[in-house]
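# Structure at a glance
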Amino acid sequence: MSTKTVNIVGYAKESNQFVVKAQNFDVRISKNEQFPELEGPSPLEYVLAGYAGCINAVGKLVAKEQGIVLKSLQVEISGTLSLDKYQGKISDERAGFKTIEVTVRPTSDATLEQLKDWLIEVENRCPIQDNLLRPTPVSVVLFKEFLTTEAA
């Protein structure tokens, strides 16, 4: 069994723009109700974007394995959630998406049956879909950073 560990580091300073270092890239996560002037996708949009990107990557891999030529692939994803839990207004509701709807539009000469089989395999092999559908153990560790002040 082969495994891969994916690591990222995120940080925010006084600007309140959260920056994630992923490989050699800075990913900016900015939308925040308290600071609407900051531009960039919200964390929720990044989750859906990651899901769409995963469907694209796995879709191309599976198509190649199955001998399907994809001329193009469009993935539309919509997620619905209640903001009440996030805003602290209620406690007995999920904080995450209540529903996620995915529409996959491949352009290909493959038959509808071939594309149905292709999509089933894509769904079975997409790691992001797996994480959205099944519980994954998560461990959160807190480290307190102390402010230092210089004596005058």
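## Details of the packing of helix α1 (residues 43-66) against helix α2 (residues 112-125)
Where α1 contacts α2, the axes come no closer than 9 Å and their chain directions differ by 130°. With respect to their mutual orientation, α1 and α2 come out oblique. The two elements α1 and α2 cross, and the hand of that crossing is right-handed. Packed against α1, whose contacting residues are I55, V58, G59, L61, V62, A63, E65 and Q66, the element α2 presents Q114, D117, W118, E121, V122 and R125 at the interface. Its residues placed into classes, the contact of α1 with α2 shows 7 nonpolar, 3 polar and 4 charged.

## Thoughts on the pairing of strand β2 (residues 18-22)
As defined by bridge partners, strand β1 (residues 9-12) adjoins β2 across 4 bridges and the pair is classed as antiparallel. Bridging across to β2, Y11 finds its partner in V19. Taken together, the 5 bridges between β2 and strand β3 (residues 25-29) define a ladder with antiparallel strand orientation. By the bridge assignment, K21 is partnered in β3 with D26. Connecting the antiparallel pair β2 and β3 is a turn made up of 2 residues, with Q23 showing a positive phi of about 55°.

## Remarks on the pattern of salt bridges
What the rule picks out here adds up to 8 salt bridges. The partner of E65 in a salt bridge is R125, and the shortest N-O contact between them spans 2.7 Å. One end of the pair, E65, is in helix α1; the other, R125, is in helix α2, with 60 residues separating them in the sequence. A relative accessible area of 32% places R125 in the partly exposed class. E93 serves as the salt-bridge partner of K98, at 3.7 Å between the closest nitrogen and oxygen. Taking the relative accessible area as the measure of exposure, K98 reaches 47% and is therefore partly exposed.

## What to know about the sheet that holds β1
Reading across from one edge, β1-β2-β3 is the order of the 3 strands in this open sheet, with antiparallel pairing throughout. Pairing within the sheet leaves two strands with one partner each, and these edge strands are β1 and β3. Looking at each pair of strands side by side, their axes are set apart by 25° on average, direction ignored.

The rules behind these values
Residues numbered from 1 in each chain as written. Predicted model: local features only at pLDDT ≥ 70, side-chain atom pairs only at ≥ 80, totals over all residues. Heavy atoms only, no water. Axes fitted to C-alpha atoms, helices over the stretch in contact; angles between N-to-C directions. Helix = DSSP H or I, 4+ residues; strand = E, 2+ residues; numbered from the N terminus. Parallel < 35°, antiparallel > 145°, perpendicular 65-115°, else oblique. Left-handed = near helix turned anticlockwise from the far one by under 90°. Contact = heavy atoms within 4.5 Å. Nonpolar A, V, L, I, M, F, W, Y, C, P; charged D, E, K, R; others polar. Pairing = 2+ DSSP bridges. Salt bridge = Lys/Arg side-chain N within 4 Å of Asp/Glu carboxyl O. Buried < 20%, exposed > 50% of the residue type's maximum accessible area, 1.4 Å probe, protein only.

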